[in-house]
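Read off the chains here:
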Amino acid sequence: MTIKIAYQGVAGAYSHIAAKTLFPNGEYLACDTFEQAMQLVRQKQASYAVIPVENSTAGRVSDVHFLLPQTGLFITGEFFLKIEHQLLGLPEAELKNIKTAYSHPQALAQSHEFLKANGIEPVSYIDTAKSCEYILSQGDETKACIASKLAGEMYGLKILAPDIQTMQNNTTRFLIMAEKEKIPEDDGGKFITSFIFKAKHIPAALYKALGGFATNGINLTKIESYLLGGKFVAAQFYVEIESHPSRKAFQNAFEELEYFSQSVRLLGTYPAHPYRDEK
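Since the structure is predicted, the reported quantities are computational estimates derived from the model, not experimental observations. (Residues numbered from 1 in each chain as written. Predicted model: local features only at pLDDT ≥ 70, side-chain atom pairs only at ≥ 80, totals over all residues. Heavy atoms only, no water.)

## A few points about the overall build of the protein chain
And step 1. Across its full length, the protein chain holds 9 helices and 15 strands.
And step 2. For the protein chain, the C-alpha radius of gyration of 21 Å lies close to 19 Å, the compact-globule estimate for 279 residues.
And step 3. In terms of overall dimensions, the protein chain has a C-alpha envelope of 65 × 45 × 40 Å along the principal axes.
And step 4. Relative to its 279 residues, the protein chain shows a buried fraction of 49%.
And step 5. Here the contacts in the protein chain between residues at least 6 apart in sequence split such that 74% fall between residues at least 24 apart.
And step 6. Roughly 13400 Å² of accessible area belongs to the protein chain as shown, and the carbon and sulfur atoms make up 52% of that amount. (Helix = DSSP H or I, 4+ residues; strand = E, 2+ residues; numbered from the N terminus. Rg over C-alpha atoms; globule rule 2.2 N^0.38 Å. Buried < 20%, exposed > 50% of the residue type's maximum accessible area, 1.4 Å probe, protein only. Contact = heavy atoms within 4.5 Å. Areas by Shrake-Rupley, 256 points an atom, 1.4 Å probe, with all protein chains shown as cover.)

Encoded structure:
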């Protein structure tokens, strides 16, 4: 049975490339939004959703952090993909004549120095690969797009400038989302556990809630906060730590966390990707 993987974008998008790398023999379901991709998993129309959460140059993908606690899905893995942006144009186009470049805001942010240096105006578009479709439909040699090499090949566009990302180690982190939690056995290796919590409304609650991780020697690799219900007093925190639920230090830390929190929800435990150890 072929595994179905949902992703946001169209064929040739970086999420599509990540999905193909993770599941080489899968069936890939293109979605207009992150929410739709996750919904396909909830509806059992896909086994997994491959979702970008942050980029080493442009930062977090904010929409995803709001969706993570709402979907009811679990994180079963992570993947780091090196992003190499190409400036693509019509076959007869020339770099010196390009006036505008269309792409997803993240891709534009990751290529801003090249665009500025060449006097090219960035224009936001819904998706990197879809911007290729737009360039083809316009037939304008002064318009270009920023997308992957694969997208350029698929849409028959010409590479006007290769690898235009500002940082050559430009990397996007993806999460693998599934309907059911799959906690791997603790083999003594490095694991990441993701969770969300809401601290109690008492003085120093956040400090006390997270203090247990420090006293138990657990490293926090990420903490993000965002407001709930449109109010400035209700905040929820997304946290990632290096630990496994079977470990005593983990259990002790979570006992303190739960004592000083209104609610805590585990989103998943999964092996740390080897990229984390690269220098």
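Let's pick the thread back up.
## So, the sheet that holds strand 15 (residues 261-271)
And step 1. Strand order in the open sheet formed by 4 strands is 13-14-12-15, with antiparallel pairing between adjacent strands. Looking along the sheet, the strands with just one partner apiece sit at the ends: strand 13 (220-227) and strand 15. Within the sheet, the average angular offset between the axes of one strand and its neighbour, ignoring direction, is 15 degrees.
And step 2. Here 7 bridges tie strand 13 to strand 14 (residues 235-242), and the two strands are oriented antiparallel to one another. Following the sheet pairing, E224 is matched in strand 14 by Y238.
And step 3. Packed onto the sheet, helix 8 (residues 205-215) meets strand 12 (191-199), strand 13, strand 14 and strand 15 and runs at close to 160 degrees relative to strand 12.
And step 4. Most of the contacts of helix 9 (residues 248-259) go to strand 15, to which it runs at about 150 degrees, and overall it touches strand 12, strand 14 and strand 15. (Pairing = 2+ DSSP bridges. Axes fitted to C-alpha atoms, helices over the stretch in contact; angles between N-to-C directions.)

## Some remarks on the pairing of strand 2 (residues 27-31)
And step 1. As paired elements, strand 1 (residues 4-8) and strand 2 share 5 bridges and run parallel to each other. Counterpart to A6 in the pairing with strand 2 is L29.
And step 2. Between the parallel elements strand 1 and strand 2, the chain passes through helix 1 (residues 14-22) in a crossover that is right-handed. (Right-handed = clockwise from strand over helix to strand, strands pointing away.)

## Comments concerning the sheet that holds strand 10 (residues 158-161)
And step 1. Read across the open sheet, the 5 strands follow the order 8-7-9-6-10; overall the sheet is mixed. Both edges of this open sheet fall to strand 8 (121-124) and strand 10, since each of them pairs with a single strand only. Across the sheet, the mean angle separating the axes of adjacent strands is 40 degrees when strand polarity is ignored.
And step 2. Two elements, strand 6 (residues 86-89) and strand 9 (residues 143-147), share 3 bridges in a ladder whose sense is antiparallel. Counted as the bridge partner of L88 is C145 from strand 9.
And step 3. Helix 6 (residues 128-138) contacts strand 6, strand 7 (100-103) and strand 9 of the sheet and is inclined by roughly 160 degrees relative to strand 9.

## Looking at the layout of surface pockets
And step 1. Of the pockets and cavities examined, the largest pocket occupies roughly 260 Å³.
And step 2. Lining the largest pocket are 14 residues, and of these E54, F80, R173, Y275 and R276 sit closest to its centre.
And step 3. Taken together, the elements giving at least two residues each to the lining of the largest pocket come down to strand 3 (48-55), strand 11 (171-178), strand 13 and strand 14.
And step 4. Sort the elements by how many residues they give to the lining of the largest pocket and strand 11 lands first, with 3 residues.
And step 5. In terms of residue class, the lining of the largest pocket is made up of 2 nonpolar, 5 polar and 7 charged. (1 Å grid on protein atoms, 1.4 Å probe; cavity = no way out; pocket = protein on both sides within 12 Å on 5 of 7 lines; lining within 4 Å. Points joined across faces, edges and corners; volume = space filled by probe spheres on them. Nonpolar A, V, L, I, M, F, W, Y, C, P; charged D, E, K, R; others polar.)

## A short note on the packing of aromatic side chains
And step 1. A complete count under the given rule lists 12 aromatic pairs for this structure.
And step 2. Look at F23 and Y48: their rings are 5.0 Å apart centre to centre, the planes differ by 20 degrees, and that puts the pair in the stacked class. Here Y48 lies in strand 3 and F23 lies in the loop between helix 1 and strand 2, a separation of 25 residues in the sequence. The residues F23 and Y48 share a single accessibility class, namely buried.
And step 3. Their ring planes at 40 degrees and their centres at 5.2 Å tell us that Y125 and Y134 sit as a pair that is tilted.
And step 4. Its relative accessible area of 27% is what places Y125 among the partly exposed residues. (Phe/Tyr/Trp six-rings, centres within 6.5 Å; stacked < 30°, edge-to-face > 60°.)

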